[in-house]
Amino acid sequence: MSKAKGAASDDDVIIRATDVTVRFGSKTILENLSLDVRRGEILGFVGASGTGKSVLLRTILGLNQKQGGTIEVFGTDYERANDADRLAVEQRWGVLFQQGALFSSLTVLENIQVPMREYLDISPGLMEELARLKIDLVGLAPDAAEKFPSELSGGMIKRAALARALSLDPDIVFLDEPTSGLDPIGAADFDELIMTLRDTLGLTVYMVTHDLDSLFMACDRIAVLGQKKVLVEGPLQTMLENDDPWVRSYFHGKRARTVVSKEDNPYYDEDQ
Ligand SMILES: Nc1ncnc2c1ncn2[C@@H]1O[C@H](COP(=O)(O)OP(=O)(O)OP(=O)(O)O)[C@@H](O)[C@H]1O
C-alpha cells in the first residue's frame, strides 16, 4: 500500500488497518479499507447509516472475522497474536459501546471493577480505591458509586461506561456514538470531558459519531466511511474541501452550517 501524503511515522501510529475486507455471506461490507489512528489524537469516524462503522470497530476489537488485510494494534496483529500478546493488547484499550452496556445488576462501582477483576491481580481494597478514582475522573459525584444503572440519567450512564472503559488506564478508548441520546448541553459536556482526558492522560480516542458538534469541536481528524472504504480522512478543512456528494451534503448541509457559524466556538479554527 502506498503511504498517503502527510502520513504519520510508524511510531505515532497506534492502529494500522491495511486493506481490510469484511464479508457476511455474499455481502461485502468493507473492501480493502486502510486507516491509521495516531497517538494522542481524537479521530472522528463517520459515514452514512449502515456503511459499516460498527463492523470496522468490532473487527479492530477482534469481535468480527475479516476475510482479508491486516490490523495492527500497538504493533501487534491481534488476530494472529498468542494469548499473552492478546492479553497485553486488551489491557491497553477500553471500549464504550453504543448503549453504554453496563451490567444492570451491578452498581457503578462494581461495573468499573469488572475489567479489573478480569485482568488485574490486585486486592479488593485497591480495586475499590481505583474504581472511585475513575468515578471522580469522569466527573460523577462520589455517591454514584453505589447506584445501579437504572438509577442514572443518560449522561451519567455514558460517564459510568466511560469510567469502566478507563478502568485499566488504557492508551486508547473506542467510543461508539458516545453522545447519542444526550441533550446538546450534555453532549457538549461529554465532548469537553473527552478533550480533557486526551490532554491530561495523553489518551488516543477513536470515536464513531453522527454528532456534528463533536466532529467540529472535539476531533483532530475525521475519517469518512463510504463505498466500503475510507473515502477521505484529514482535519475538518479537508472535509470542507472534499467534492464527494455525501461528504459535501454532510459537512455543508444546513445543520453543519449552523455548527460552523458559531462564532463563540473556541475550538473551531477557520484556518485549520
Ligand atoms: N453479524 C452480522 N451479520 C450479517 N450482517 C451484518 C452483521 N453485522 C453487521 N452487518 C451488516 O453490515 C452492515 C453495516 O452495519 P453497521 O452496523 O456496521 O453500520 P453502521 O455504519 O455502524 O450504521 P449505524 O450508523 O446505523 O450504526 C449492515 O448492512 C448490517 O446489516
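The chain is annotated in an unreviewed UniProt entry as Phospholipid/cholesterol/gamma-HCH transport system ATP-binding protein of Aureimonas pseudogalii. Of the comments in the UniProt record for the chain, the one headed Sequence similarities (unreviewed entry) reads "Belongs to the ABC transporter superfamily."

Helix and strand counts for the chain stand at ten helices and ten strands. Relative to its full complement of 272 residues, the chain shows a buried share of 49%. In the chain, of all internal contacts separated by at least 6 residues, the share reaching a separation of at least 24 is 66%.

Moving on, we come to the packing of aromatic side chains. If you walk through the whole model with that rule in mind, you get seven aromatic pairs. A connected cluster of aromatic rings, assembled from ring pairs, spans Phe45, Tyr78, Trp93, Phe174 and Tyr206. Lying over the aromatic face of phenylalanine 74, arginine 92 brings its terminal NZ or CZ to 3.9 Å of the ring centre.

If you look at the biggest cluster of nonpolar residues, it comprises 49 residues, and the most contacted ones within it are Leu162, Leu175, Val205, Leu215, Ile222, Val224 and Phe251. At six residues, the largest contribution of residues to this core is made by helix 6 (residues 184-201). Of the residues that make up this core, three or more belong to each of domain 1 (40-69 + 171-257) and domain 2 (104-169). Membership of the second largest hydrophobic core comes to 31 residues, among which are Ile71, Tyr78, Ile172 and Leu225.

This brings us to the pattern of salt bridges. Overall, the coordinates contain twelve salt bridges when judged by the stated rule. Note that arginine 16 and aspartate 36 form a salt bridge whose closest N and O atoms lie 2.8 Å from each other. Here arginine 16, found in strand 1 (residues 13-24), pairs with aspartate 36, found in strand 2 (residues 27-38); they are 20 residues apart in sequence, far enough to count as distant. Of the charged contacts, one joins lysine 134 and aspartate 169 as a salt bridge, the two residues approaching to 2.4 Å between their closest N and O atoms. Of this pair, lysine 134 sits in helix 4 (residues 124-137) while aspartate 169 sits in the loop between helix 5 (154-165) and strand 7 (172-176), and the two are 35 residues apart along the sequence. Judged by its relative accessible area of 9%, lysine 134 is buried.

Quick look at the domain arrangement of the chain now. You can read the domains of the chain as domain 1 (40-69 + 171-257) and domain 2 (104-169). Measuring from the centre of the C-alpha atoms in domain 1 to the corresponding centre in domain 2 gives 25 Å. Contacts between domain 1 and domain 2 engage 14 residues on the former and ten residues on the latter. Of all residues in domain 1, Phe190, Leu193 and Leu197 give up the largest surface area on contact with domain 2, accounting jointly for 42% of the area buried on that side. Run the count over domain 1 and domain 2 and you get zero salt bridges. Inspection of the region where domain 1 meets domain 2 yields two residue pairs in polar contact (both at pLDDT 80 or more). Contributing elements (two or more residues each) for the side of domain 1 that touches domain 2: strand 7 and helix 6. Across the side of domain 1 that touches domain 2, the residue classes tally to ten nonpolar, one polar and three charged.

Bringing unusual backbone geometry into the picture now. Backbone geometry at aspartate 169 places phi at a positive 55°, although glycine is not the residue there. Residue aspartate 169 is classed as exposed on the basis of its relative accessible area, which comes to 55%. Even without being glycine, glutamate 177 reaches a positive phi, approximately 45°.

Attention now goes to the packing of helix 3 (residues 108-119) against helix 5. Orientation of helix 3 relative to helix 5, taken along the N-to-C sense of each, is 30°, at an axis distance of 8 Å. One finds that helix 3 runs roughly parallel with respect to helix 5. For the crossing formed where helix 3 meets helix 5, the hand is right-handed. Touching Val108, Asn111, Ile112 and Pro115 of helix 3 are Ala160, Ala163 and Arg164, all from helix 5. Along the lines of polarity and charge, the residues of the contact of helix 3 with helix 5 split into five nonpolar, one polar and one charged.

All right, on to the site of the ligand then. Taken together, 13 residues sit near the ligand, with Ser49, Gly50, Lys53, Ser54 and Val55 positioned nearest. At 2.8 Å, a backbone N or O of glycine 50 approaches an oxygen atom of the ligand. One of the side-chain N or O atoms of lysine 53 is found 2.8 Å from an oxygen atom in the ligand. Considered on its own, the ligand offers 640 Å² of accessible surface; in the complex 61% of this is hidden by protein. Of all the secondary structure elements, the ones that give two or more residues to the shell around the ligand are strand 2 and helix 1 (53-60). Broken down by element, the residue count for the shell around the ligand peaks at three residues, all from helix 1.

Thresholds applied
- Residues numbered from 1 in each chain as written.
- Predicted model: local features only at pLDDT ≥ 70, side-chain atom pairs only at ≥ 80, totals over all residues.
- Heavy atoms only, no water.
- UniProt positions renumbered as here; feature names shortened; annotations may be inferred.
- Helix = DSSP H or I, 4+ residues; strand = E, 2+ residues; numbered from the N terminus.
- Buried < 20%, exposed > 50% of the residue type's maximum accessible area, 1.4 Å probe, protein only.
- Contact = heavy atoms within 4.5 Å.
- Phe/Tyr/Trp six-rings, centres within 6.5 Å; stacked < 30°, edge-to-face > 60°.
- Lys NZ or Arg CZ within 6 Å of the ring centre and 35° of its normal.
- Core = buried A, V, L, I, M, F, W, Y, C linked by side-chain atoms within 4.5 Å.
- Domains from an automatic or database assignment.
- Salt bridge = Lys/Arg side-chain N within 4 Å of Asp/Glu carboxyl O.
- Buried area = accessible area lost by both parts, 1.4 Å probe.
- Polar contact = N/O pair within 3.5 Å; in protein donor to acceptor, adjacent residues only side chain to side chain.
- Nonpolar A, V, L, I, M, F, W, Y, C, P; charged D, E, K, R; others polar.
- Axes fitted to C-alpha atoms, helices over the stretch in contact; angles between N-to-C directions.
- Parallel < 35°, antiparallel > 145°, perpendicular 65-115°, else oblique.
- Left-handed = near helix turned anticlockwise from the far one by under 90°.
- Near = heavy atom within 4 Å.
- Areas by Shrake-Rupley, 256 points an atom, 1.4 Å probe, with all protein chains shown as cover.

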